[in-house]
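Structural overview for review
Each chain is listed here by its residues.
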Amino acid sequence: MATAPDFYVGFGELNPGPQAHIASALFITLIQDWGIRVLASGQQVKDLGPNQSHWSEPNWTAPQEFVILGFSGWPQGLRVLLFSLLLPLYLATLAGNLLILSLALAEPTLHTPMYFFLGSLSAVEVAYTLVLTPRMLAGFLLPPGGQAVAPSTCAAQMGLFVALGGSECLLLAAMALDRYLAICRPLYYPQLMTTGICWALLASCCLGGSVLALGLTTAIFQLPFCRGGLVNHVFCDLPAVLVLACGNRDLQEHVLLAACMLLLVLPLILILLSYTRVLVVILGVGDGAGRRKAFNTVASHLTVAVLHYGCATAMYARPLSSRSLEEDKLVSLIYINLTPLLYPAIYTLRNRDMQGALQRVVSQRTMGVVQQADLV
């Protein structure tokens, strides 16, 4: 009777044939090779930095949409309360900045470089508020789950936010330069701050913010996203979107920190140096009334600069590894709602020229209404 081949018998007997020994050796070799690769892969994952993804490249897929979570996880009653509190602030911010812009355009006595830049700053604040606040307020009333937006919409919101915020940073530096020239170089001020130079400075500020916004937005959205599209913020903010990206994010984070240096640190140094020199000159020359007026102007400008650069530095001049998105989301309520409201309050309450212009406009409107009533 014929017997089975040794490699069949080997699976049922204790003494396998030579073919079984060869198969076992091959199997063990494969297992060892697979184990070495697993260990190497584990070591590679362990060696990944905090700015690299542990997902394999085949799993890197671009999300079809981003979902802005906002405060959708909070209780509905609390969200409605926040909406009722922040909506009046939003309307007051728009009204205050539009009032400053209207006075700077309509009142002839305010057709000076200082109020030209102040009106431009108010226009930027109006656009900044319109880009961020309406969607944030709508998020308080929507059902839980967040707001779904297309990637192009998310990129546009991020780009506009950076462009307007960057333009505002540079405008504040231009205002500090204007005050420095007006107080420290009064004889040359009319030749140095002409209408053409004012428009050139404004265009440079807007162009600088736009170029930086385009570079940052492009650098972030060229990355693949493997962690879904859940943006844990009230809008498509740079760090909140960047943490969703795959691969090595070191370049993008370095670009973000470099932009913070360019838009925050350097203009702030220029502002502090300018106003320090201005204060030295104010305290050394002029009468009491002139010193008081100049000091009030410098104090209002410096207050706005500290508020703006303080919030921006606290938010963006930090690495991703030290961030808490929940804390960033809470801080965003301050720089989106409160800081823009303080600007018109500071400029109108502490500025006698603005107060006088407002009184004249109100008086003219009142006299016009009275004359129309008399004619009737």
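Preceding this section is the structure that the text describes.
Nothing here was measured: the structure is a model prediction, and the numbers come from that model.

What follows concerns the overall build of the protein chain. Along the backbone of the protein chain there are 12 helices and three strands. Relative to its 376 residues, the protein chain shows a buried fraction of 40%. Counted over contacts in the protein chain with a minimum sequence separation of 6, partners at least 24 positions apart contribute 78%. Here the protein chain displays about 20,100 Å² of accessible surface, and carbon together with sulfur accounts for 69% of that area.

A word on the sheet that holds strand β3 (residues 230-231). Spatial strand order, β2-β1-β3: three strands in an open sheet with mixed pairing. The sheet is open, and its two borders are formed by β2 (147-149) and β3, each paired with just one other strand. As judged from the two bridges shared by strand β1 (residues 66-68) and β3, these two strands associate in the parallel manner. Counterpart to valine 67 in the pairing with β3 is leucine 230.

Before going further, it helps to examine the nonpolar core. Among the nonpolar cores identified, the biggest contains 88 residues, and Phe161 and Val241 are the most heavily contacted of them. Broken down by element, the residue count for this core peaks at 15 residues, all from helix α5 (residues 151-184). When neighbours within four sequence positions are excluded, phenylalanine 161 is seen to be in contact with Tyr128, Leu132, Phe235, Asp237, Leu238, Tyr316 and Tyr335.

Attention shifts here to the packing of helix α4 (residues 113-141) against helix α7 (residues 195-221). Two elements in contact, α4 and α7, have axes whose closest approach is 10 Å; the angle formed by their N-to-C orientations is 25°. Taken as axis vectors, α4 and α7 run roughly parallel relative to one another. At the point where α4 passes α7, the crossing takes the right-handed sense. Along its contact with α4, which presents Pro113, Phe116, Phe117 and Ser120, the element α7 presents Cys198, Trp199, Leu201 and Leu202. Class assignment of the residues belonging to the contact of α4 with α7 gives a composition of seven nonpolar, one polar and no charged.

Inspection of the entire model under this criterion finds nine aromatic pairs. With centroids separated by 6.0 Å and ring planes inclined at 80°, the aromatic side chains of phenylalanine 66 and phenylalanine 221 adopt a geometry described as edge-to-face. Taken together, the residues span a long stretch of sequence, with phenylalanine 66 in strand β1 and phenylalanine 221 in helix α7 at a distance of 155 residues. The exposure class assigned to phenylalanine 66 is buried, which follows from its relative accessible area of 1%. Residue phenylalanine 221 is classed as partly exposed on the basis of its relative accessible area, which comes to 22%. Three or more aromatic residues link up through ring pairs in this structure, and these residues are Phe66, Phe221 and Phe225. For lysine 329, the ring lying beneath its charged end belongs to phenylalanine 71, and the centroid distance is 5.3 Å.

Quick look at the environment of valine 126 now. Residue position: valine 126 is located in helix α4. We classify valine 126 as buried; its relative accessible area is 12%. Between the C-alpha atoms of valine 126 and threonine 93, which are 33 residues apart in sequence, the distance is 7.9 Å.

So, about α4. Here α4 is 29 residues long and its end C-alpha atoms lie 43 Å apart, about the 42 Å a rise of 1.5 Å per residue gives. Most pronounced at leucine 130, the bend in α4 amounts to some 30°, and the proline proline 134 follows within four residues.

Let us now look at the state of the cysteines. A covalent bond between the sulfur atoms of two cysteines is what we call a disulfide. For the coordinates displayed, the defined rule picks out one disulfide. Note on cysteine connectivity: cysteine 154 is disulfide-linked to cysteine 236, with sulfurs 2.1 Å apart. Given an S-S torsion of about -125°, the disulfide between cysteine 154 and cysteine 236 has left-handed geometry. Residue cysteine 154 is found in helix α5, and its partner cysteine 236 is found in the loop between β3 and α8 (238-242); the two are separated by 82 residues along the sequence.

Enumeration according to the criterion identifies three salt bridges in this entry. Here glutamate 107 and arginine 360 are joined by a salt bridge, their closest N and O atoms 3.1 Å apart. Of this pair, glutamate 107 sits in the loop between α3 (76-106) and α4 while arginine 360 sits in helix α12 (residues 352-375), placing them 253 residues apart in sequence. For glutamate 107, a relative accessible area of 9% gives the class buried. With relative accessibility at 35%, the residue arginine 360 sits in the partly exposed group.

Cut-offs used in this document
Residues numbered from 1 in each chain as written. Predicted model: local features only at pLDDT ≥ 70, side-chain atom pairs only at ≥ 80, totals over all residues. Heavy atoms only, no water. Helix = DSSP H or I, 4+ residues; strand = E, 2+ residues; numbered from the N terminus. Buried < 20%, exposed > 50% of the residue type's maximum accessible area, 1.4 Å probe, protein only. Contact = heavy atoms within 4.5 Å. Areas by Shrake-Rupley, 256 points an atom, 1.4 Å probe, with all protein chains shown as cover. Pairing = 2+ DSSP bridges. Core = buried A, V, L, I, M, F, W, Y, C linked by side-chain atoms within 4.5 Å. Axes fitted to C-alpha atoms, helices over the stretch in contact; angles between N-to-C directions. Parallel < 35°, antiparallel > 145°, perpendicular 65-115°, else oblique. Left-handed = near helix turned anticlockwise from the far one by under 90°. Nonpolar A, V, L, I, M, F, W, Y, C, P; charged D, E, K, R; others polar. Phe/Tyr/Trp six-rings, centres within 6.5 Å; stacked < 30°, edge-to-face > 60°. Lys NZ or Arg CZ within 6 Å of the ring centre and 35° of its normal. Expected span 1.5 Å × (residues − 1). Bend = angle between axes of the 7 residues up to and from the residue. Disulfide = S-S within 2.5 Å. Salt bridge = Lys/Arg side-chain N within 4 Å of Asp/Glu carboxyl O.

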